[in-house]
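Spelled out, the chains give:
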Amino acid sequence: MSIKRMEQHRSFDGEQCKYSHYSEVLQCDMTFSIYLPSNKEGKKIPLIWWLSGLTCTDDNFSQKSGFQRLADKHQTAVIIPDTSPRGEHVADDDAWDLGKGAGFYLDAVQEPWANNYKMYTYITEELTDIASTLVPNFSGEESIMGHSMGGHGALVIGMKNAARFKAISAFSPILSPSDVPWGMKAFSAYLGEDRDAWKEWDASELIKETGIPPILITQGTQDSFYPEQLDETTFLANAQKSHQAVTYKKADGYDHSYFFIASFLDDHFAFHMKHLG
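This structure is a prediction, so every number in the text was calculated from the model and none was measured.

Right, let's talk about the overall build of the chain for a bit. Summing up its helical and strand segments, the chain has 9 helices and 9 strands in all. Its C-alpha atoms give the chain a radius of gyration of 17 Å, near enough to 19 Å, the size a compact globule of 277 residues would have. Taken over the C-alpha atoms alone, the chain extends approximately 50 × 40 × 35 Å along its principal axes. In the chain, which comprises 277 residues, the share counted as buried stands at 58%. Taking the intrachain contacts of the chain between residues at least 6 apart in sequence as the baseline, contacts between residues at least 24 apart amount to 71%.

In this structure, Pro37 sits in the loop between β3 (28-36) and β4 (45-51). Sequence separation between Pro37 and Glu15 is 22 residues; the distance between their C-alpha atoms is 6.5 Å. Dropping the residues within four chain positions of it, Pro37 is found in contact with Gly14, Ile45, Ala71, Asp72, Gln75, Thr76 and Ala77.

If you walk across this open sheet you meet the 9 strands as β1-β2-β3-β5-β4-β6-β7-β8-β9, and the pairing is mixed. Pairing within the sheet leaves two strands with one partner each, and these edge strands are β1 (3-11) and β9 (246-251). Recorded for the sheet is a direction-independent mean angle of 20° between the axes of neighbouring strands. Sheet topology places strand β2 (residues 14-23) next to β3; 9 bridges connect them, and they run antiparallel. Bridging across to β3, Tyr22 finds its partner in Asp29. The sheet contacts of helix α8 (residues 233-241) involve β8 (215-220) and β9, and relative to β9 the element is tilted by about 150°. Here helix α9 (residues 258-276) sits on the sheet and contacts β4, β5 (77-81), β6 (138-147), β7 (165-171), β8 and β9; the angle it forms with β7, its principal contact strand, is near 165°.

Quick look at α9 now. Of all the bends found along α9, the most pronounced is centred on Phe264 and spans about 50°. Within α9 the residues assigned to the buried category are Tyr258, Phe260, Ile261, Phe264, Leu265, His268, Phe269, Phe271, His272, Met273 and Leu276. Remark: Gly277 follows α9 within two positions and exhibits a positive phi of approximately 75°.

Moving on to the packing of aromatic side chains. In this structure the tally under the stated criterion is 17 aromatic pairs. Look at Trp50 and Phe61: their rings are 3.8 Å apart centre to centre, the planes differ by 5°, and that puts the pair in the stacked class. In this pair, Trp50 is assigned in strand β4 and Phe61 in helix α1 (residues 59-64), connecting sequence segments 11 residues apart. With a centroid separation of 5.6 Å and 85° between ring planes, the pair formed by Phe171 and Phe260 is classed as edge-to-face. With Phe171 in strand β7 and Phe260 in helix α9, this pair connects stretches of sequence that are 89 residues apart. Taken individually, Phe171 and Phe260 each receive the classification buried, so the pair is uniform in this respect. By the ring-pair criterion, three or more aromatic residues cluster together here, those being Tyr35, Trp50, Phe61, Phe67, Phe171, Tyr254, Phe260 and Phe264. Across the ring face of Tyr120, the terminal group of Lys160 is positioned such that the distance to the ring centre comes to 5.4 Å. Directly above the ring of Trp201 sits Lys160, whose terminal nitrogen or CZ lies 4.7 Å from the centroid.

In this model, Glu111 is joined to Pro112 through a cis peptide bond whose omega is 5°. Here Pro112 lies in the loop between β5 and α3 (119-134). Between Tyr226 and the following residue, Pro227, the backbone shows a cis peptide bond with an omega angle of 5°. One non-glycine residue, Asn39, lies in positive phi territory at about 45°. Within the secondary structure, Asn39 is located in the loop between β3 and β4. Of the residues examined, Asn39 reaches a relative accessible area of 14% and is grouped as buried.

Here is what the cut-offs are and how they apply
- Residues numbered from 1 in each chain as written.
- Predicted model: local features only at pLDDT ≥ 70, side-chain atom pairs only at ≥ 80, totals over all residues.
- Heavy atoms only, no water.
- Helix = DSSP H or I, 4+ residues; strand = E, 2+ residues; numbered from the N terminus.
- Rg over C-alpha atoms; globule rule 2.2 N^0.38 Å.
- Buried < 20%, exposed > 50% of the residue type's maximum accessible area, 1.4 Å probe, protein only.
- Contact = heavy atoms within 4.5 Å.
- Pairing = 2+ DSSP bridges.
- Axes fitted to C-alpha atoms, helices over the stretch in contact; angles between N-to-C directions.
- Bend = angle between axes of the 7 residues up to and from the residue.
- Phe/Tyr/Trp six-rings, centres within 6.5 Å; stacked < 30°, edge-to-face > 60°.
- Lys NZ or Arg CZ within 6 Å of the ring centre and 35° of its normal.

This is the structure:
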């Protein structure tokens, strides 16, 4: 597979890079960003995945959060995929919460989305193979985190691949997509009207499984999308019934923005590094 480095920036002694490549899974050109820490001691380093939210690209987290300081402090690589397939030939919708920028990190089965919208397979297989070639001294240990739609994606991908990811965290995640407007709209379009098929992509259903990695969630109390889109009731009830290791924290006065994310990234990185060793 041919990949092209588009950008390279020195940041906190590490390197923030942006790459492009043609995705065989998504049938379009894609970009992603990756941070590689300084690793002056030549140690084995883990990899954290970050999944962004609706309307975002791989630039949002790399340019707004300031995560690079923490990634170099903890000596971990961080990879940031785009949120959906891109290109003029890729199916889209006039609304901002469906189509480009709103891939929901699943594998679509309905037309016109099925040909391109395979973000789950793209991340867990194709981009995973690429990442393994870009991280020097990769330890093989991974964890995953995300925000909003990306929080949904982190939870779903992390729980569906519980043996692979050591920990999962999320900021303001869509926890019960089958029961909230954003999720119902996306699932109906991408997966069809059979609600049983939605369960495979719903964190509130997947949390019932055994062997789930430890989970940390932070939710701002002044989030304009809470609780309508981000209600935690079903998820936490199912987690408790299944005796899952879930820590759910509310942050008083915080909204849905990257100001909120930047304020609590220290906590999330510390959580991940605890489980990544």
